Amino acid sequence: MGKIQAFNAWEVSVFTVKFIIFRLETWSMYADFGWLGIRYIISELKKENDILITADILDARSWRESIESIISEQPDVVAIPALQQNLRHIKEFSEQIKNKLPKCTIIIGNLEATMHPEQLLKSIPHIDVAVIGEGEHTFCELIKRIRTNQELTGCKGICYRYKDILQINEPRDLEVDIDVFSFPDRDLLSSKHMVYDIITSRGCYGNCTFCSNKSFRFQPGPKVRSRSLGNVMDEIQYLIQQYRASYISISDDTFCDNDGTQGFTFDDFNEELMKRKINVRFRIQLRSENVNNHTIKAIQTMHKLGLDNIFIGFEAGNKADLKLYGKIATLEDNQRALHLLNIYDLPYTIGFMMFNPYTTLDRLRENINFLKQGKCIITPYILSSRMRLYNGAAIIQKVLKDGLLTTSLDDIFAEERNYKFSNDIELIWNGYNQLNHLDIRTIEYDMVDSSFKHMIAIGHPLLRHGKTKDVQDDFYHRIQFLKTRLLEYCEDLLDHANDPLYIEQQYSKLEDDMHDHVLSLNEMTTRLISEHTRR
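Residues numbered from 1 in each chain as written. Predicted model: local features only at pLDDT ≥ 70, side-chain atom pairs only at ≥ 80, totals over all residues. Heavy atoms only, no water.

In this section: the overall build of the chain. Counting its regular elements, the chain contains 18 helices and 16 strands. Split into buried and exposed, the 535 residues of the chain put 54% on the buried side. At a minimum sequence separation of 6, the contacts of the chain that also span at least 24 residues come to 75%. (Helix = DSSP H or I, 4+ residues; strand = E, 2+ residues; numbered from the N terminus. Buried < 20%, exposed > 50% of the residue type's maximum accessible area, 1.4 Å probe, protein only. Contact = heavy atoms within 4.5 Å.)

Here we come to the sheet that holds strand β6 (residues 105-109). Across the sheet, which stays open at both edges, the seven strands sit in the order β4-β3-β5-β6-β7-β8-β9 with mixed pairing between neighbours. The strands lining the two open edges of the sheet, one partner per strand, are β4 (51-59) and β9 (165-168). Strand-to-strand twist in this sheet, taken as the mean axis angle between neighbours without regard to direction, amounts to 20°. Both strand β7 (residues 129-131) and strand β8 (residues 158-162) contribute to a ladder of three bridges, which runs antiparallel. Along β8, the bridge assignment pairs Ala 130 with Cys 159. The sheet contacts of helix α1 (residues 36-45) involve β3 (15-23), β4 and β5 (77-81), and relative to β3 the element is tilted by about 170°. Contacts between helix α6 (residues 136-147) and the sheet are confined to β3, β4, β5, β6, β7 and β8, with β3 contributing the most and set at about 135° to the helix. (Pairing = 2+ DSSP bridges. Axes fitted to C-alpha atoms, helices over the stretch in contact; angles between N-to-C directions.)

What follows covers the environment of Gly 351. Locating Gly 351 in the fold gives a position in strand β16 (residues 348-352). On a C-alpha basis, the gap between Gly 351 and Phe 314 in space is 5.7 Å, while along the polypeptide they are 37 residues apart. Residues within four places of Gly 351 in sequence aside, it is in contact with Phe 311, Ile 312, Gly 313, Phe 314 and Glu 315.

Next up on the list: the packing of α1 against α6. Between α1 and α6, the least distance of the axes is 9 Å, while the angle of their chain directions is 45°. In terms of orientation, α1 and α6 fall into the oblique class. Crossing of α1 over α6 shows right-handed handedness. Where α1 approaches α6, its residues Tyr 40, Ile 41, Glu 44 and Leu 45 are matched on the opposing element by Glu 136, Phe 139, Cys 140 and Ile 143. Of the residues assigned to the contact of α1 with α6, the class counts are six nonpolar, no polar and two charged. (Parallel < 35°, antiparallel > 145°, perpendicular 65-115°, else oblique. Left-handed = near helix turned anticlockwise from the far one by under 90°. Nonpolar A, V, L, I, M, F, W, Y, C, P; charged D, E, K, R; others polar.)

Our focus in this paragraph is unusual backbone geometry. Phi angles above zero are rare outside glycine, and Asp 50 is one such case at about 60°. Here Asp 50 lies in the loop between α1 and β4. Of the residues examined, Asp 50 reaches a relative accessible area of 59% and is grouped as exposed. Of note, Lys 163 is a non-glycine position whose phi angle comes to about 55°, a positive value. For Lys 163, the location among the structural elements is in the loop between β8 and β9.

As a further point, take the environment of Phe 255. Relative to the helices and strands, Phe 255 resides in the loop between β13 (247-250) and α8 (266-276). When the C-alpha positions of Phe 255 and Leu 286 are compared, they lie 6.7 Å apart, and in sequence the two are 31 residues distant. With residues up to four places along the chain from it excluded, the contact list for Phe 255 reads Thr 200, Ile 250, Phe 264, Phe 266, Phe 269, Ile 284, Gln 285, Leu 286 and Met 302.

Once that is clear, we can look at the nonpolar core. Grouped together as the largest cluster of nonpolar side chains are 99 residues, with contacts concentrated most on Ile 248, Phe 255, Phe 269 and Leu 371. No other element matches the 10 residues that helix α17 (residues 466-494) contributes to this core. Apart from residues no more than four positions distant in its own chain, Phe 269 is found in contact with Leu 229, Met 233, Ile 250, Phe 255, Cys 256, Phe 264, Phe 282 and Met 302. One finds Phe 15, Ile 41, Ala 55 and Ile 107 within the second-largest nonpolar core, a separate group that totals 30 residues. (Core = buried A, V, L, I, M, F, W, Y, C linked by side-chain atoms within 4.5 Å.)

In this section: the packing of helix α7 (residues 229-243) against α8. Two numbers describe how α7 lies on α8: the axes approach to 11 Å, and their chain directions differ by 45°. Taken together, the axes of α7 and α8 lie oblique to each other. Judged by the twist between their axes, the crossing of α7 over α8 is right-handed. Within the contact between the two elements, α7 uses Leu 229, Gly 230, Met 233, Asp 234 and Gln 237 and α8 uses Asp 268, Phe 269, Glu 272, Leu 273 and Arg 276. Its residues placed into classes, the contact of α7 with α8 shows four nonpolar, two polar and four charged.

Over its 12 residues, α6 extends 17 Å from the first C-alpha to the last, a length consistent with the 16 Å expected when each residue adds 1.5 Å. Just downstream of α6 lies Asn 149, where phi reads positive at about 60°. (Expected span 1.5 Å × (residues − 1).)

The next subject is the packing of aromatic side chains. By convention here, two paired aromatic rings are described through the distance between centres and the angle between planes. Inspection of the entire model under this criterion finds 22 aromatic pairs. Between Phe 255 and Phe 264, the ring centres sit 6.4 Å apart and the planes meet at 85°, which makes this aromatic pair edge-to-face. Of the two residues, Phe 255 and Phe 264, neither departs from the other in class, the shared state being buried. Through a chain of ring-to-ring contacts, three or more aromatic side chains come together here, namely Phe 255, Phe 264, Phe 266, Phe 269 and Phe 282. One cation-aromatic arrangement involves Lys 398 over Tyr 358; the distance from NZ or CZ to the ring centre is 4.7 Å. (Phe/Tyr/Trp six-rings, centres within 6.5 Å; stacked < 30°, edge-to-face > 60°. Lys NZ or Arg CZ within 6 Å of the ring centre and 35° of its normal.)

We now examine helix α9 (residues 295-304). Among all positions of α9, only Thr 295, Ile 296, Ala 298, Ile 299, Met 302 and His 303 are buried. Around the axis of α9, the buried residues are gathered within 160° of arc, so they sit on the same side. At the C-terminal side of α9, Gly 306 shows a positive phi close to 135°. (Arc of directions from axis to C-beta.)

Put into structure tokens, the structure is as follows:
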């Protein structure tokens with residue numbers, strides 16, 4: 001058992017469960033945001049009596065400094081979400097925990113544990129159990145069995161060691177009614193910024209070849225499950241009242257079914273916001289095939305009610321790449337959605353993959369022409385975006401078969417599956433990738449853009465004031481210059497794909513052209529964000 005705690009002069013042993021999250025360098029934004037799966041499991045576990053639950057987010061670069069403190073807590077169970085990027089940290093961490101606390105049960109879950117539990121337990125010998133698939137019911141039953149020294153043979157949805165032999169139990173059915181789950185816990189992994197993420201559904205209709213989340217589909221049950229609208233609105237109100245939430249990020253892949261056959265519609269969502277008089281800014285994720293002449297009116301209403309940003313995964317501006325990615329959306333769907341978002345002046349950011357193993361110069365030209373049509377902010381991140389290969393993604397097998405994969409699939413601790421290009425575009429990739437050296441602050445620009453568009457949508461009186469209107473005009477003038485100049489540079493390089501000297505000269509020229517402009521834009525956005533925060 002864990003540490004002894006005193007209650008009313010009686011000393012009792014408390015069963016202790018500790019959750020550990022490794023925050024990678026590239027994930028600094030997730031320090032106090034995200035991890036809904038862990039939050040949901042913690043909420044369900046809190047329903048049990050006499051369990052002490054703690055959670056720590058450890059920096060991947062410095063977690064060793066915290067190991068003695070964790071050991072001093074003497075947890076009975078340590079639970080860790082296993083992702084491709086943190087497996088090597090989990091291996092070393094679990095070894096140190098087991099060396100000092102041999103009776104501590106170490107459990108892993110999440111994507112990697114679901115995709116190849118046996119391989120993980122073989123490669124990381126100090127892990128005791130892998131939770132496979134959706135975790136709430138499985139984890140809570142597992143903890144009950146561990147607390148009471150029951151055998152694990154009847155616990156569905158796990159892989160575990162039994163007398164040095166790995167056992168995999170039968171899969172657990174998905175919970176069809178996800179309203180039964182308590183709202184995700186917000187206390188142990190608290191937010192410093194009053195920004196909270198929620199989901200309105202679980203699952204996805206898509207079959208994107210670059211996505212590894214399809215690994216969860218082996219569990220018996222419907223592909224997509226939605227919460228009731230009332231349950232979603234109850235959580236939003238709870239976050240506002242209990243935690244003073246100022247911003248809600250709706251993070252699920254399937255938000256608002258068009259006809260309401262699955263979940264609820266955009267109109268339903270708007271009506272409930274107005275009925276409950278909920279006043280909060282929020283963002284959503286949309287699929288381009290769901291943006292049409294019918295839904296755009298409801299999305300425009302949603303914007304007036306607080307919709308701050310729409311993330312839309314276009315991924316490509318050409319047919320060949322969309323087919324490669326397995327997208328449901330066609331190029332025509334993308335073009336229609338882009339056109340409608342533009343003419344209604346809605347704030348949006350895009351998911352885009354400019355490069356993949358099969359990129360050609362012609363596909364890059366089509367991508368650039370597509371991006372020219374949009375009103376969203378174009379940044380180096382978008383222009384240099386390269387498809388990343390994660391374990392479980394269907395496209396990995398094609399890349400492997402075509403001899404383009406440069407990282408062995410047998411290396412379970414590889415943080416990413418690297419590849420080479422099938423066509424001679426390495427110089428172009430390097431030329432585009434150099435753009436990331438420019439001090440272009442994507443997140444700040446998006447924040448200011450969203451603020452101005454929200455003011456426009458509600459007819460904010462400040463926009464009739466000369467000074468505010470001048471600042472707004474100046475901001476968009478600078479953003480347009482940024483977009484135009486970056487796209488000109490990228491387009492120009494395509495005509496000199498095999499001339500490294502020319503590419504380097506053009507980048508130096510671009511850097512000179514952009515320096516003062518970017519500096520002024522950064523100063524402007526920093527000031528505007530500061531003023532907005534004070535208001």
